[in-house]
Each structure stands twice: as C-alpha cells, then as structure tokens.
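Fold and geometry: a report
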Amino acid sequence: MRLLAPSLAALCLSAALSVPAAAQEAPRFAFFSINQLVRSSKKAGAIFSELEITGKNLQEKLQAKGQELQALQQQLNSPSLDPDKKDALAKKFRDAEFEAKKMQEDSQQEYQRVEKRVGEAITKLAAPIVEQLAKEQKLQLVLSDQAINILSWGEETWLKGFTSEVSKRLDASEPAAAAPKPAAPAAKPAVAAPKPAAAAKPAAPKK
C-alpha cells in the first residue's frame with residue numbers, strides 16, 4: 001500500500017555510490033522503511049499525523065453523506081410514502097447523490113494535496129540522514145519499501161536496523177521550523193485514501 005507521495009521513495013535512491021565495489025566484494029545495501037519511520041520517529045510521526053487526521057475527517061464527512069443517501073432511499077421505498085411527495089423526494093435524492101460524488105472528488109484531491117505536502121516535509125528531514133548514514137556504512141544502495149514490492153522475506157533485525165538508526169538521528173537532530181501541528185493525536189498506521197460511500201439508487205416509481 002502506498003503510504004506517501006512517490007517523492008519519498010527518491011530519498012532511498014541517494015545511496016552512497018561514491019564507494020565503488022571491489023570485484024570480489026558482495027554488494028552492500030540497506031533497507032529503509034518510511035512506514036517504520038513514521039511509527040518510530042516522533043518528528044516524522046508528528047508530520048504524518050496531519051495526513052491521518054485529514055483522511056479521518058474526510059472519511060467521516062463521506063460516511064455522513066452516505067447515511068443521508070440511505071435515509072432518503074428508505075423514505076422512497078417506504079409503502080407509506082405519499083405519492084404526491086415522491087417526485088420531490090426523488091429529486092432530493094438525486095441532488096444528494098450528485099453532492100456525494102462531488103464530495104468524493106474534492107476529498108480525493110484534498111487528501112492528495114496533504115499527502116504531497118507531508119511527503120515533502122518528511123523527505124526534507126530524512127533524506128540527508130539517509131544519505132549520511134549510507135556513506136558511513138559504505139553502502140552502495142538503499143532500498144525503500146515505497147519502491148519495492150517483491151520482498152517476500154528478510155531478517156527482521158537487519159530490515160529494521162537502518163531505519164531505526166535514521167529514526168534515532170532524526171529525533172536527536174535540531175527541531176525543524178514550522179512543523180505542521182495536528183488538531184488532535186492520532187494512531188500511526190498507514191492511512192488509505194477516503195473511499196466514497198455507496199450511493200443507493202431509488203426504487204422505480206410504481207405505475
């Protein structure tokens with residue numbers, strides 16, 4: 001699952017290529033996980049929480065609109081509905097359905113804007129540390145969980161080791177200016193983009 005904008009994967013391409021490999025030397029590389037970083041680093045997590053809160057708020061709005069559509073459909077399907085009011089209620093349902101679709105489009109665009117801003121903010125903080133650490137460890141390549149989908153197994157300590165060190169150094173560094181401040185605390189799992197509430201269709205008018 002994509003966690004942040006693709007720009008984050010680029011920070012793992014800043015591998016220390018300045019250290020050439022000897023002919024008989026095995027490649028030296030490390031694995032960097034942005035998912036692990038936002039869970040283990042207070043600074044990265046604080047920035048990422050803006051995306052979590054945005055996703056949560058947008059999802060709640062979409063769910064509320066979906067509930068409104070369901071309530072309207074129930075009224076349309078009610079046998080006790082006054083036939084004289086059915087056309088007006090059907091129009092109200094169609095208008096609400098249109099609003100729900102527009103809300104979904106706007107929500108998706110808003111989520112992507114925040115995702116891009118958050119990704120750039122974390123990249124700005126983490127990229128120099130990733131590069132410096134790679135050079136210190138004489139690595140030739142740093143792989144990212146944002147760019148690799150073929151990893152089926154890896155030794156856990158090794159997989160988490162590089163990112164753990166990046167996280168420690170990031171939190172030990174000087175505070176960044178103007179870091180986004182979320183309105184409320186949130187958990188750290190990856191956040192999926194808001195999905196539209198299923199829009200129910202009104203029952204066909206009885207002839």
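Owing to the predicted nature of the structure, the values given are computational and were not obtained by experimental measurement.

This part covers a nonpolar patch on the surface. Together, Phe29, Leu141 and Trp158 line one region of the surface with nonpolar side chains, adding up to about 270 Å² of accessible area. Structurally, Trp158 is set in helix α4 (residues 156-172). Looking at Trp158, the relative accessible area reads 39%, which means it is partly exposed.

Moving on: the packing of helix α2 (residues 42-77) against helix α3 (residues 83-136). At a minimum axis distance of 9 Å, the contact between α2 and α3 shows a crossing angle of 170°. One element, α2, and the other, α3, form an angle in the roughly antiparallel class. Split into classes, the residues belonging to the contact of α2 with α3 amount to 21 nonpolar, six polar and eleven charged.

It is worth spelling out the packing of aromatic side chains at this point. Overall, the coordinates contain one aromatic pair when judged by the stated rule. Between Phe29 and Trp158, the ring centres sit 5.6 Å apart and the planes meet at 85°, which makes this aromatic pair edge-to-face. Here Phe29, found in strand β1 (residues 29-32), pairs with Trp158, found in helix α4; they are 129 residues apart in sequence, far enough to count as distant. Since its relative accessible area comes to 38%, Phe29 is described here as partly exposed.

In the Ramachandran plot, Lys138 falls in the positive-phi region, its phi being about 55° despite a non-glycine side chain. Within the secondary structure layout, Lys138 lies in the loop between α3 and β2 (141-144).

Per-residue confidence for the protein gives a mean pLDDT of 79; residues scoring 70 or more make up 69%. Across residues 13-19, confidence stays below pLDDT 50; counting only partners more than four residues off in sequence or on other chains, it has 14 contacts. Contacts of residues 182-207 to residues separated by more than four positions or lying in other chains number 55 contacts, the stretch itself having pLDDT below 50.

Here we come to the nonpolar core. Phe32, Leu37, Val118, Ile122, Val142, Phe162 and Val166 are the most contacted members of the largest nonpolar core, which totals 24 residues. Counting only elements with at least two residues in this core, the list comes to β1, α1 (34-40), α2, α3 and α4. Of all hydrophobic cores here, the second largest spans nine residues; its members include Leu81, Ala90, Phe93 and Ala96.

The next point concerns the environment of Lys42. With respect to the helices and strands, the residue Lys42 is situated in helix α2. Between the C-alpha atoms of Lys42 and Lys168, which are 126 residues apart in sequence, the distance is 9.4 Å.

The two faces of β2 differ: Val142 and Ser144 on one face are buried, but Leu141 and Leu143 on the other face are not. Where β1 meets β2, four bridges bridge the pair, whose relative direction is parallel. Residue pairing for β2: Ala30 is matched across the bridge by Val142.

Under the counting rule described, the total for this entry stands at twelve salt bridges. A salt bridge links Glu60 to Lys56; the shortest N-O distance between them is 2.6 Å. Taken as a pair, Glu60 and Lys56 lie in helix α2 at a separation of four residues, close to a single helical turn. Between Lys135 and Glu131 there is a salt bridge, and its shortest N-O distance comes to 3.3 Å. Placement of the pair is Lys135 and Glu131 together in helix α3, with a separation of four residues, close to one helical turn. Take Lys135: its relative accessible area is 39%, and that puts it in the partly exposed class. On the accessibility criterion, Glu131 (34% relative accessible area) is partly exposed. Salt bridges sharing common partners tie together Lys65, Glu68 and Glu99.

Look at α3 against α4: their axes get within 10 Å of each other, and the N-to-C directions meet at 125°. With respect to each other, α3 and α4 are oriented oblique. Once α3 is placed against α4, the crossing between them reads as right-handed. Across the interface between the two elements, Leu125, Ile129, Val130, Gln132, Leu133, Ala134 and Glu136 from α3 touch Phe162, Glu165, Val166, Arg169 and Leu170 from α4. Across the contact of α3 with α4, the residue classes tally to eight nonpolar, one polar and three charged.

About the criteria used
- Residues numbered from 1 in each chain as written.
- Predicted model: local features only at pLDDT ≥ 70, side-chain atom pairs only at ≥ 80, totals over all residues.
- Heavy atoms only, no water.
- Patch = residues over 30% accessible without salt bridge, like charges linked within 9 Å, V, L, I, M, F, W, Y side chains within 5 Å.
- Areas by Shrake-Rupley, 256 points an atom, 1.4 Å probe, with all protein chains shown as cover.
- Salt bridge = Lys/Arg side-chain N within 4 Å of Asp/Glu carboxyl O.
- Helix = DSSP H or I, 4+ residues; strand = E, 2+ residues; numbered from the N terminus.
- Buried < 20%, exposed > 50% of the residue type's maximum accessible area, 1.4 Å probe, protein only.
- Axes fitted to C-alpha atoms, helices over the stretch in contact; angles between N-to-C directions.
- Parallel < 35°, antiparallel > 145°, perpendicular 65-115°, else oblique.
- Nonpolar A, V, L, I, M, F, W, Y, C, P; charged D, E, K, R; others polar.
- Phe/Tyr/Trp six-rings, centres within 6.5 Å; stacked < 30°, edge-to-face > 60°.
- pLDDT = per-residue confidence, 0-100.
- Contact = heavy atoms within 4.5 Å.
- Core = buried A, V, L, I, M, F, W, Y, C linked by side-chain atoms within 4.5 Å.
- Pairing = 2+ DSSP bridges.
- Left-handed = near helix turned anticlockwise from the far one by under 90°.

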